[in-house]
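The chain contents come next:
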Number of protein chains: 2
Amino acid sequence: MNAVATKPPPENDLNERLAHSGLRLTPQRQQVHEVLREKMDHPTADQVFLRAKNKMPEISMATVYNCLDALVKCGMVRQVTLDRGATRFCPNMQDHSHFYCDECGSVYDILQTISPADAGIRLPRGFRLKNIETNLHGLCPDCAAKAK
Amino acid sequence: MNAVATKPPPENDLNERLAHSGLRLTPQRQQVHEVLREKMDHPTADQVFLRAKNKMPEISMATVYNCLDALVKCGMVRQVTLDRGATRFCPNMQDHSHFYCDECGSVYDILQTISPADAGIRLPRGFRLKNIETNLHGLCPDCAAKAK
DNA sequence: TCAAGATTTAGAATTATTCTAAATAGACGG
DNA sequence: CCGTCTATTTAGAATAATTCTAAATCTTGA
């Protein structure tokens, strides 16, 4: 078995998923999803826009962002690196990971009890690994308390 | 040279580190580093700029970016989420992580043999974890071959 | 059919980052 | 010390990425 991932099953439940999140299936959302599945090269929003335009010349950039957000929200698409906004910086060079509060946006240093390097990640032949970045997402103690 | 043995400045190895990467220690770089160490709340470049201006009103945004890049390059600062550019999207909802080639910028899906959730990460009380994102960085097979 | 609400659109606005060219500051050899 | 060389800083413009706005359109359900 090869460790490089294979194409996911065809779009069976897109409609269902959208509906489950209170969203509608529209031609644009379908198209954007199709573009992503066609060539799984992790395109940027801009690339998705250009590709979608081939089949659907009227589509606009704003709609592509809308559709991507909708697809992410309903769990059909992953945003590769969840930070849409300014990069943050950290002077702590110890081995640690970061916890992002989805609610308030704050970031916490989290000490690692076991380095993810020991977590059993196995790379296919030829890849040369330099470092691993682990990002945790959820609610910080304050927001978790409020959410109750 | 002072005959009285003075305590090494807290900065002790900033200079050394910069030098090791062929970079100079400048007041601005020192100031930016100081700002980061003063309040470890993972500020954005913009926030660093505003804070640095208090002590050093002449400093410019471009310099802050310069300094941050220098500090990251010499290993004194981490960039929290290494993606400075457009967000990428991925329709593969299987449990997997992403490998970023530092050389050519391409992104590969990597199946996980063990989920990082099992990797022994232990959160302090109160945090509620929703999901984990693991990003691998290094060279892809093509670039690794060329690098030889 | 109509009203309500969701979605799309074009384009403007905002935000984040990079680039450019000129000015300045150190470091180094004479 | 002095001038030269190169790295760095600066202001501001340019570019890139994303979000917002308001009007038009489409869907759904009464």
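As a reminder, the structure under discussion sits directly above these lines.
Quantities reported herein were computed from a predicted structural model and do not represent experimental measurements. (Residues numbered from 1 in each chain as written. Chains lettered and ligands numbered in written order. Predicted model: local features only at pLDDT ≥ 70, side-chain atom pairs only at ≥ 80, totals over all residues. Heavy atoms only, no water.)

## What about the overall build of chain A?
Along the backbone of chain A there are five helices and five strands. Listed by position from the N terminus, the elements making up chain A come as α-α-α-α-β-β-β-β-β-α. Taking all 148 residues of chain A together, 45% fall into the buried category. Sequence separation of at least 24 residues holds for 49% of the intrachain contacts in chain A that already meet a minimum separation of 6. (Helix = DSSP H or I, 4+ residues; strand = E, 2+ residues; numbered from the N terminus. Buried < 20%, exposed > 50% of the residue type's maximum accessible area, 1.4 Å probe, protein only. Contact = heavy atoms within 4.5 Å.)

## Focus: the environment of A:H33
All names here are of chain A. With respect to the helices and strands, H33 occurs in helix α2 (residues 27-38). Residue H33 is classed as buried on the basis of its relative accessible area, which comes to 2%. The spacing of H33 and C67 is 34 residues in sequence and 8.3 Å in space, taken between C-alpha atoms.

## Overview of the relation of the copies chain A and chain B
Once chain A has been moved 0.0 Å along the axis and rotated by 180°, it coincides with chain B to within an RMSD of 0.1 Å. Those values place the two copies in the arrangement expected of a two-fold rotation axis. Here 92% of the contact residues of chain A are again contact residues in chain B; the copies associate through an equivalent surface. (Least-squares fit on C-alpha atoms with pLDDT ≥ 70 in both.)

## Re the protein's contact with DNA strand D
Residues in contact with DNA strand D amount to 17 residues; listed here are only the nearest, A:Y65, B:T26, B:R29, B:T63 and B:T87. If you look at DNA strand D and keep only atoms within 4 Å of the protein, 80% of those are sugar or phosphate atoms. Contact distances for DNA strand D include 3.3 Å between a phosphate oxygen and a backbone N or O atom of B:E58. For the surface near DNA strand D, the elements supplying multiple residues, two or more each, are α4 (61-73) of chain A together with α2 (27-38) and α4 (61-73) of chain B. (Near = heavy atom within 4 Å. Polar contact = N/O pair within 3.5 Å; in protein donor to acceptor, adjacent residues only side chain to side chain.)

## Examining the packing of aromatic side chains
Between two aromatic rings, the relevant description is the distance of the centres plus the angle of the planes. Per the stated rule, a full pass over the model turns up four aromatic pairs over all chains. Between the aromatic rings of A:F127 and B:Y108, the centroid separation amounts to 5.1 Å while the plane-to-plane angle is 85°, which identifies the pairing as edge-to-face. Note that A:F127 is positioned in the loop between β4 (107-111) and β5 (128-139) and B:Y108 in strand β4 (residues 107-111), a pairing that runs across two chains. Take A:F127: its relative accessible area is 13%, and that puts it in the buried class. Counting every residue linked through ring pairs, the aromatic cluster contains A:F99, A:Y108 and B:F127. (Phe/Tyr/Trp six-rings, centres within 6.5 Å; stacked < 30°, edge-to-face > 60°.)

## Points about the sheet that holds strand β5 (residues 128-139) of chain B
In space, the six strands of this open sheet follow the order β4(A)-β3(A)-β5(A)-β5(B)-β3(B)-β4(B), with mixed pairing throughout. Every interior strand has two partners, whereas the edge strands, β4 of chain A together with β4 of chain B, have only one. Each strand of the sheet is rotated relative to its neighbour by a mean of 30°, with strand direction disregarded. (Pairing = 2+ DSSP bridges. Axes fitted to C-alpha atoms, helices over the stretch in contact; angles between N-to-C directions.)

## Quick word on the interface of chain A and chain B
When the parts come together, some accessible area is lost, and that loss is often what is quoted as the size of the interface. With 73 residues of chain A in contact, the opposing surface of chain B contributes 69 residues. Roughly 6800 Å² is buried in total at the junction of chain A and chain B, and carbon and sulfur atoms are behind 60% of that figure. Among the residues of chain A in contact with chain B, A:H42, A:R78 and A:F89 are the three that bury the most area, contributing 14% of the side total. Connecting chain A to chain B are zero salt bridges. Seen at the junction of chain A and chain B, the total is 29 residue pairs in polar contact (both at pLDDT 80 or more). Looking at the side of chain A that touches chain B, the element that brings in the most residues is β5(A), giving twelve residues. Of the residues contributing to the side of chain A that touches chain B, the split by class is 37 nonpolar, 22 polar and 14 charged. Inspection of the sheet shows strand β2 (residues 88-90) of chain A paired to strand β1 (residues 78-80) of chain B by three bridges, in the antiparallel sense. Among the inter-strand pairings, A:C90 is bridged to a residue of β1(B), identified as B:R78. (Buried area = accessible area lost by both parts, 1.4 Å probe. Salt bridge = Lys/Arg side-chain N within 4 Å of Asp/Glu carboxyl O. Nonpolar A, V, L, I, M, F, W, Y, C, P; charged D, E, K, R; others polar.)

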